[in-house]
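# Notes for the structure review
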Amino acid sequence: MTIELKKRVDVQVSLGTSPLTTRSFDIPLFLTGTAAFAEDYRVYSSLDGILEDHADGSPAYKFASKAFGGLFPPRTLYIGQRGITETVFTPVVADNTVYSLNIKANGVDGFITFTSGVAATAATIVTGLKAAITASAVSALVTVGGTVTLTLASITTLSAGSVTDSLVASRTYSETSTTAATRIRGVDDSWYYSSIDDHSKTEQEAFAAYADGIDSKFVTTSQDPNILIAGDTTHIGYILKSLGYDHAFTMHHPDADSEFPEGAIVGAMAQLEKGTSTLTDKTLEGVSTTNYNTTQITAMEASNVAYYADFVGSGSVFNSKTASGQYFDTVEFADWLRARIGESIYGVIKRKSIQGLKVSFDNAGKAIIKQYALQPAKYGQSVGSVSLDFDPVCRVPTRDEISDAQRASRTLPNVVVELQYTNAIETVQVRAYVSI
C-alpha cells in the first residue's frame, strides 16, 4: 500500500497565470462595398488569400497588395463588407483603346476586355464589354445593365474591379461606412487601423468621427485638387483639421480613387512597435510619387495633409500629421500606452483574484499598482519608444488624499505616470565653421 503525501501535507495550487486579451495595434480593417462573401468580414494573411474572394483590380485587392507589400506589413488584414447594390464602370472614351476589368463571381474568374475602334462612343464601348461578359465564364452569375455606363450587380457573390485607367469604377452602397463598421465591430473589434473605399467627403468626415471615438487610426486619401489651393476650406483636409481629430490621417494623391494608396501607409507602419518609428520619410510600396510645387506643399501642410514625393532620388512621405496636428507615430504611441497601462493594472488585479487574494487598499497594495503602472513604460524604454534620458515615475495618492467615499467605492484615484516619449529628429540645422 502506498501512502499518499497529501495525507500529511495537503498542497493546493491556484494558477494565477490566466492570460488576458491585449489590444492589437497591427491589424487593419478595409471597408469596401462588396458582395464577395456573405459574412460581415473575412480575415486574410496573404495576397493569394485575397484573390480567392476578390478580383484583381478591385478596391480590396489594390489596398491589400500595397498593405502586404510594405516593409512592415500587417500579419492579417480584415476586409469588411459594406452593403452594395451595384458597381458602375464609366469608360473614358478614346479610339483604339483597351478596356479591361476583372470579375470574380461565386469563385469563378472572368477577365473581360474590349478594344475600341475609330469613332468610339461610350455606348459602343459598353456594348462591347457586355458582349465580352456574355461570352465569359461569369455570364450567368452577374446581372449586367447600362447603355453608356456598365452596371454590375450580383446574382451570387461578386467582386469586380477595373484593370486599366480607361474604366472608372464607382459603387452604389446600401448602407453607410459607419453603419457597416459598427456592425462588424459588434462581432470583432480587434482591428486598429481603418480605411474605406469611399473617398466622398461626407463618408470620410463621418467615418473620421466614428474612428476617433473608438481610438482607431483612420487612414484615408484624397485626389481633390482643392487640397492644393491655399486657403481653400471645402476639402476634406481642412474639414478634418477644423474638427481636430487625433485619429484621422489624410494624404493627397492624384490617383487616390483608383489606386487606394492608404494601403501602402498601413504597410509601412503596421508591424512596427508603436512609438519606435515615424511615418515621415517612409517609402510607400506600389505608390507613385507626385511633383508638387511650393504653393501646393504650403497648402497641404497648412491643412495637416500628408503628401508623397520624390526626394534625393527616393519616394518619401512628408508632413505625417493627423488632422489635429499630432504626428502619426505620437498618436499610435499614446493609444498603445493607454491600452498597456490599463491591461497591466487590471491584469494583476485579475491574477490576484484567481489566486483567492486581492490587491489591498493600503500602502502595500498601492505599491503593487505603482509597479504595474510602470511596466509598460519600462518596456517602452527597452524598445526605444520611451526616453532613457529620464526614468519614468509613478505617483499614487497618500491616505490623506483619498476620500472616504473613494475608499468606500474601492477606487484609487489620481494615479499619475510620467515619462518622456522619444520624439523623432526629422529636420537638422547645422552650422559649420571652417578655418585655414
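Provided above is the structure to which this section pertains.
So, here is what we can say about the structure in this document. These numbers come from a predicted model, not from an experiment.

### Points about the overall build of the protein chain
For the protein chain, the helix and strand inventory stands at twelve helices and 17 strands. For the protein chain, with 436 residues in total, the buried portion stands at 46%. Within the protein chain, contacts between residues separated by at least 24 positions form 70% of all contacts whose residues are at least 6 apart in sequence. Surface accessibility of the protein chain: about 21200 Å² in total, with carbon and sulfur atoms responsible for 52%. Averaging the locations of the 34 positively and 46 negatively charged side chains of the protein chain gives two centres separated by 12 Å.

### Some details on the packing of aromatic side chains
Going through the model one piece at a time under the given rule, you end up with 14 aromatic pairs. With centroids separated by 5.2 Å and ring planes inclined at 10°, the aromatic side chains of tyrosine 41 and tyrosine 78 adopt a geometry described as stacked. Taken together, the residues tyrosine 41 in strand S2 (residues 41-44) and tyrosine 78 in strand S3 (residues 77-82) connect sequence positions 37 residues apart. Classification of tyrosine 41 as buried rests on a relative accessible area of 17%. Taking 5.1 Å as the distance between ring centres and 85° as the angle between the ring planes, the aromatic pair formed by phenylalanine 249 and phenylalanine 328 counts as edge-to-face. Highlighted residues: phenylalanine 249 in strand S13 (residues 248-252) and phenylalanine 328 in helix H10 (residues 328-354), separated in sequence by 79 residues. Among the aromatic side chains, those forming a connected cluster through ring pairs are Tyr292, Tyr307, Phe311 and Phe318. Positioned above the aromatic ring of tyrosine 173, the side-chain terminus of arginine 82 is 3.5 Å from the ring centre.

### Structural notes on a nonpolar patch on the surface
Where nonpolar side chains cluster on the molecular surface, the patch consists of Leu5, Val9, Val11 and Val13 and spans about 430 Å² of accessible area. Locating valine 9 in the fold gives a position in the segment before strand S1 (28-33).

### Examining the pattern of salt bridges
Summed over all chains, the structure comprises 15 salt bridges. With a shortest N-O distance of 3.1 Å, arginine 75 and aspartate 26 are connected by a salt bridge. In this pair, arginine 75 is assigned in the loop between helix H2 (59-68) and S3 and aspartate 26 in the segment before S1, connecting sequence segments 49 residues apart. Under the relative-accessibility criterion, aspartate 26 is labelled buried at 17%. With a closest N to O distance of 2.7 Å, arginine 395 and glutamate 401 form a salt bridge.

### Some thoughts on the side chain of glutamate 262
Of note, glutamate 262 is situated in helix H8 (residues 262-269). Summary of buried charges: glutamate 262 has no salt-bridge partner, and the nearest side chain of opposite charge, lysine 66, is 8.2 Å away. Only 2.8 Å separates the side chain of glutamate 262 from the side chain of histidine 199, close enough to count as a polar contact. If near-sequence neighbours (up to four positions away) are discounted, glutamate 262 is found in contact with Phe63, Ser195, Ile196, His199, Val219, Thr220 and Thr221.

Criteria and cut-off values
- Residues numbered from 1 in each chain as written.
- Predicted model: local features only at pLDDT ≥ 70, side-chain atom pairs only at ≥ 80, totals over all residues.
- Heavy atoms only, no water.
- Helix = DSSP H or I, 4+ residues; strand = E, 2+ residues; numbered from the N terminus.
- Buried < 20%, exposed > 50% of the residue type's maximum accessible area, 1.4 Å probe, protein only.
- Contact = heavy atoms within 4.5 Å.
- Areas by Shrake-Rupley, 256 points an atom, 1.4 Å probe, with all protein chains shown as cover.
- Lys, Arg positive; Asp, Glu negative; His and termini not counted.
- Charge placed at Lys NZ, Arg CZ, Asp CG, Glu CD.
- Phe/Tyr/Trp six-rings, centres within 6.5 Å; stacked < 30°, edge-to-face > 60°.
- Lys NZ or Arg CZ within 6 Å of the ring centre and 35° of its normal.
- Patch = residues over 30% accessible without salt bridge, like charges linked within 9 Å, V, L, I, M, F, W, Y side chains within 5 Å.
- Salt bridge = Lys/Arg side-chain N within 4 Å of Asp/Glu carboxyl O.
- Polar contact = N/O pair within 3.5 Å; in protein donor to acceptor, adjacent residues only side chain to side chain.

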